[in-house]
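Fold and contact review
Each chain, written out:
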Protein chains: 2
Amino acid sequence: MHTGRNDSAKRTLTRKVISRTTDSSDRSAGFHIEDNFEGFSQVDDVFCRSQYDSSVKSLETQRFFEMYRRPLSGWRGSEGYGQHDYALRNATWHVADIFAEMHEPSDRRDGFLDPLSMLRDGANEEIPFASPVEASRVIKQAGQAVGADLIGITEYDNRWTYTERFSISTLSGKANPLPEKIKRVIVIGQAMDTELLDTAPSALSGAATGMGYSQDALVLLTISQFIRNLGYEAIPSMNDTALAIPYAVKAGLGEYGKHGLVITPEFGSSVRFGKIFTNLPLDIDLPIKFGVEEMCGICNACSNACPSRAIPDAEPSLTTFNVSNVSGVKKWTIDGERCFAYWAKINTDCAVCIRVCPFTRDYTKLHNRLWLRLADSTFRKFALYLDRKQQRGKRIASKKWWYFNET
Amino acid sequence: MHTGRNDSAKRTLTRKVISRTTDSSDRSAGFHIEDNFEGFSQVDDVFCRSQYDSSVKSLETQRFFEMYRRPLSGWRGSEGYGQHDYALRNATWHVADIFAEMHEPSDRRDGFLDPLSMLRDGANEEIPFASPVEASRVIKQAGQAVGADLIGITEYDNRWTYTERFSISTLSGKANPLPEKIKRVIVIGQAMDTELLDTAPSALSGAATGMGYSQDALVLLTISQFIRNLGYEAIPSMNDTALAIPYAVKAGLGEYGKHGLVITPEFGSSVRFGKIFTNLPLDIDLPIKFGVEEMCGICNACSNACPSRAIPDAEPSLTTFNVSNVSGVKKWTIDGERCFAYWAKINTDCAVCIRVCPFTRDYTKLHNRLWLRLADSTFRKFALYLDRKQQRGKRIASKKWWYFNET
């Protein structure tokens, strides 16, 4: 929870060194979309496929999902995978799980397969705003006060909406309706705890993911209820309903990276995105450029470190590895099957690519803000050299995390 | 959400200037409890009384509660009480309300009249700890990572448990069972947003309260689920089950102030407390002294500023104003009936005493940490003079808050 604007004031410092593009076109956002692009069905998502597709589903993937929910036993017991590590990881997922499981009898998994739906009715009348600029300012001011670490606004784009949702009861597609009147998407970024992530891969590092989801649910529900209380429609969405990454890029929260994640100037790769679909007329933000594309072009940290070799050292292309990749987009693409197979093997989510990404830094520190400036200059090779020299992103033992206050 | 330890590292700086007492006795905590002390029934709580006691209940108190829940209309419309102010206030309460309303059919209001109950079963076996000191360290490390701003641990004390809970369906007392095996109480402090509080009294300032409750629910559920996953019992509690203030003082989170609230060295009066009852053998913290008792003795800011004149300018005594006061304790006591009548009148909670308290400061700033040191010295009158000179705690217009980023 924000207890003042010190943090965000420091964070905005990193925004000073970046440039906005001039429009919200695909080109400005760095998107290369082919004419044959057809949209993505959530049925093809690798997590969904692990429920029904024998090329993904295994005893390991089943155990993977069960371990998040059942009373703990049978943990691996090795460093980073002890009972206390799993105990914390599962606890951090708990509040997100409450919302996900609340409507299972109605074939809904709120926040994962269906939008968050625990909202009250709002006001009957729409509060008037002087302008979309004014409305955007109010939403950002409120969002920041209720704990959103980043907020950007962009146009609703039907291309990123899942062609179908996944039904957990029929193990197949179902309709993915969104009201016609939705014109804007508010994209929320929640920073993940980098000290937990420094222990990746480990069950402990999964606590950063779980807390990201639980905090995201809190913030998305709160901002959406605020918009409803102003008399407008607001549909809060986590992994459900639409792709998050193109929205985060379009809304100016960051640039797309080689590991298939969005890299932000405030938290590097260490951030989760949520989104709110709304009919509130809002001014939009524009995509940003701060050297990520160029840095990813010469850096190979994520690809080299990926335990499952799921991140190719390759140029952006139309290559897809399997149906879990979006097709018809020229971009860096990772192999989600390999990635998730490794998660199942280690029995928790992996975040090694986030940990090793040179942009994952604490930008409240001046020297890291200077590094960011260097990374977006002709001296970016030197920035990369410094990053390696510093041994930033080195794995920390889970045990060391637990004993932090002692040292 | 904590994204690193920068904040808490800075916060611990304020702890360096305070001293722990030598034991956990009533005397160390500054408690003066008479032999005839009999415990407090939640039925006598002023909020509960407003449901059934005609000396508290009125059309205004009914409207007060309704305004939090019903679709917004009929707001006052004056500065600080507009639709956007109420819209944000109600939105911040939303997640806490979800838990409160979830079990209403079973005559429960989780977090307000009954403990939070949305927890999974934990592990079947208790994880062993080398010592209570070790166990406390693990709980504090985990608690901090999941967003607890302050954590202290103390002994379970039956005196602070409500003699009865309040039943909303019968409007009378009901049993308040706690398992025999509970031996420790973990007290969690959540900082409230001081920039929102600076607008008190206003509907907008109530957003700090709402967000405090919603964030508290998230953090208490997460830490409690963690303890259950370690194989122990954990019962998360907000306003329900027991008095929070004596526990917060005993757990060393702060000192009791003239306004009837606990003042902490990290956030002054701007903090909410939650608690977790557990059988996990934990090392306890000791009460702290950092000049609050002495400062409250000479400062009268809260008493002078209180719009309802509910805070007497008086020495600690056995005085009680009505049944909503705990009796048999020699202490500063406020008139809860007057306080709540004012809330009902302005149609939102008031936090003027928190805003004007000289200890409510941003202690990540060096000059405020120096002030804290001065306040706990023979120069405390000078500290008070400086506080008045600075005009810290002056009311900020709601409009100014909404336009913050513009100025």
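Before reading on, note that the structure itself is shown above.
We now turn to the structure provided with this report. (Residues numbered from 1 in each chain as written. Chains lettered and ligands numbered in written order. Predicted model: local features only at pLDDT ≥ 70, side-chain atom pairs only at ≥ 80, totals over all residues. Heavy atoms only, no water.)

1. Some words on the overall build of chain A
The secondary structure content of chain A amounts to 16 helices and 10 strands. Here the C-alpha radius of gyration of chain A, 20 Å, is about what a compact globule of 407 residues would show, namely 22 Å. Looking at chain A as a whole, 61% of its 407 residues qualify as buried. By sequence separation, contacts in chain A at least 24 residues apart represent 77% of the contacts at least 6 residues apart. The centroid of the 50 positive side-chain charges in chain A is displaced by 6 Å from the centroid of its 49 negative side-chain charges. (Helix = DSSP H or I, 4+ residues; strand = E, 2+ residues; numbered from the N terminus. Rg over C-alpha atoms; globule rule 2.2 N^0.38 Å. Buried < 20%, exposed > 50% of the residue type's maximum accessible area, 1.4 Å probe, protein only. Contact = heavy atoms within 4.5 Å. Lys, Arg positive; Asp, Glu negative; His and termini not counted. Charge placed at Lys NZ, Arg CZ, Asp CG, Glu CD.)

2. Here's the deal with the packing of helix α6 (residues 132–145) of chain B against helix α8 (residues 206–229) of chain B
If you want to describe how two helices pack, look at the angle between their axes and the distance between the axes. Residues and elements named next belong to chain B. Packing of α6 against α8 brings their axes to within 10 Å, and their N-to-C directions diverge by 140°. In terms of axis orientation, α6 runs oblique to α8. The two elements α6 and α8 cross, and the hand of that crossing is right-handed. On α8, the residues that touch V138, I139, A142 and G143 of α6 are I223, F226 and I227. A class-by-class count of the residues in the contact of α6 with α8 yields 6 nonpolar, 1 polar and no charged. (Axes fitted to C-alpha atoms, helices over the stretch in contact; angles between N-to-C directions. Parallel < 35°, antiparallel > 145°, perpendicular 65-115°, else oblique. Left-handed = near helix turned anticlockwise from the far one by under 90°. Nonpolar A, V, L, I, M, F, W, Y, C, P; charged D, E, K, R; others polar.)

3. Regarding the relation of the copies chain B and chain A
Laying chain B over chain A is done by rotating through 180° and shifting 0.0 Å along the axis; what remains is an RMSD of 0.0 Å. Within this description, the copies of the chain are treated as partners about a two-fold rotation axis. Same-surface contact between copies: 100% of interface residues of chain B are shared with the interface of chain A. (Least-squares fit on C-alpha atoms with pLDDT ≥ 70 in both.)

4. A closer look at the interface of chain B and chain A
Tallying the contact residues gives 72 residues for chain B and 72 residues for chain A. Summing the contributions of chain B and of chain A, the shared interface buries around 6,200 Å²; its carbon and sulfur component is 58%. Seen at the junction of chain B and chain A, the total is 4 salt bridges. In this structure, R120(B) engages E101(A) in a salt bridge whose closest nitrogen and oxygen atoms are separated by 2.9 Å. Run the count over chain B and chain A and you get 16 residue pairs in polar contact (both at pLDDT 80 or more). Breaking the side of chain B that touches chain A down by element, the ones donating at least two residues are α1 (6–15), α5 (83–102), α6, α7 (194–197), α8 and α16 (398–402) of chain B. (Buried area = accessible area lost by both parts, 1.4 Å probe. Salt bridge = Lys/Arg side-chain N within 4 Å of Asp/Glu carboxyl O. Polar contact = N/O pair within 3.5 Å; in protein donor to acceptor, adjacent residues only side chain to side chain.)

5. Quick word on the pattern of salt bridges
All names here are of chain A. Applying the stated criterion to the full structure yields 45 salt bridges over all chains. Among the salt bridges present, the one from K250 reaches D26, with a minimum N-O distance of 3.0 Å. Here K250, found in helix α9 (residues 245–250), pairs with D26, found in helix α2 (residues 26–29); they are 224 residues apart in sequence, far enough to count as distant. In this structure, D387 and R392 form a salt bridge, with 2.6 Å as the shortest nitrogen-oxygen distance. Neither residue differs from the other here; D387 and R392 are each classed as buried. Through salt bridges with shared partners, a single ionic network connects D26, D157, R159 and K250.

6. Here we look at the sheet that holds strand β9 (residues 271–278) of chain A
Residue and element names in this part refer to chain A. With antiparallel pairing, the 4 strands of this open sheet are ordered in space as β2-β5-β9-β6. Looking along the sheet, the strands with just one partner apiece sit at the ends: β2 (150–155) and β6 (234–237). When the angles between neighbouring strand axes are averaged without regard to direction, this sheet yields 25°. Inspection of the sheet shows strand β5 (residues 184–191) paired to β9 by 8 bridges, in the antiparallel sense. Bridged to I186 within β9 is I276. The strands that helix α6 (residues 132–145) touches are β2 and β5; relative to β2, the one it contacts most, it runs at about 150°. Against the sheet, helix α8 (residues 206–229) makes contact with β5, β6 and β9, and its axis sits at roughly 20° relative to β9, the strand it touches most. (Pairing = 2+ DSSP bridges.)

7. A few points about the packing of α8(A) against α5(B)
Their axes nearest at 8 Å, the elements α8(A) and α5(B) cross at an angle of 140°. Our classification of the angle between α8(A) and α5(B) gives oblique. The way α8(A) lies across α5(B) gives a crossing that is right-handed. Seen from α8(A), the contacting residues are L218(A), L221(A), T222(A), Q225(A), F226(A) and N229(A); seen from α5(B), they are Q83(B), H84(B), A87(B), L88(B), N90(B), A91(B), T92(B), H94(B), V95(B) and I98(B). Classifying every residue of the contact of α8(A) with α5(B) gives 8 nonpolar, 8 polar and no charged.

8. Observations concerning helix α15 (residues 380–390) of chain A
Residues and elements named next belong to chain A. Within the sequence span of α15, burial applies to R380, A383, L384 and D387. Along the long axis of α15, the arc covered by the buried residues comes to 100°, so they all point the same way. Opposite the packed face of α15, turned more than 90 degrees from it, sit the exposed residues K381 and K389. In the core, the buried residues of α15 are packed alongside α10 (292–298) and α14 (366–375). Note on α15: the residue one or two positions beyond its end, Q391, has a positive phi of about 55°. (Arc of directions from axis to C-beta.)

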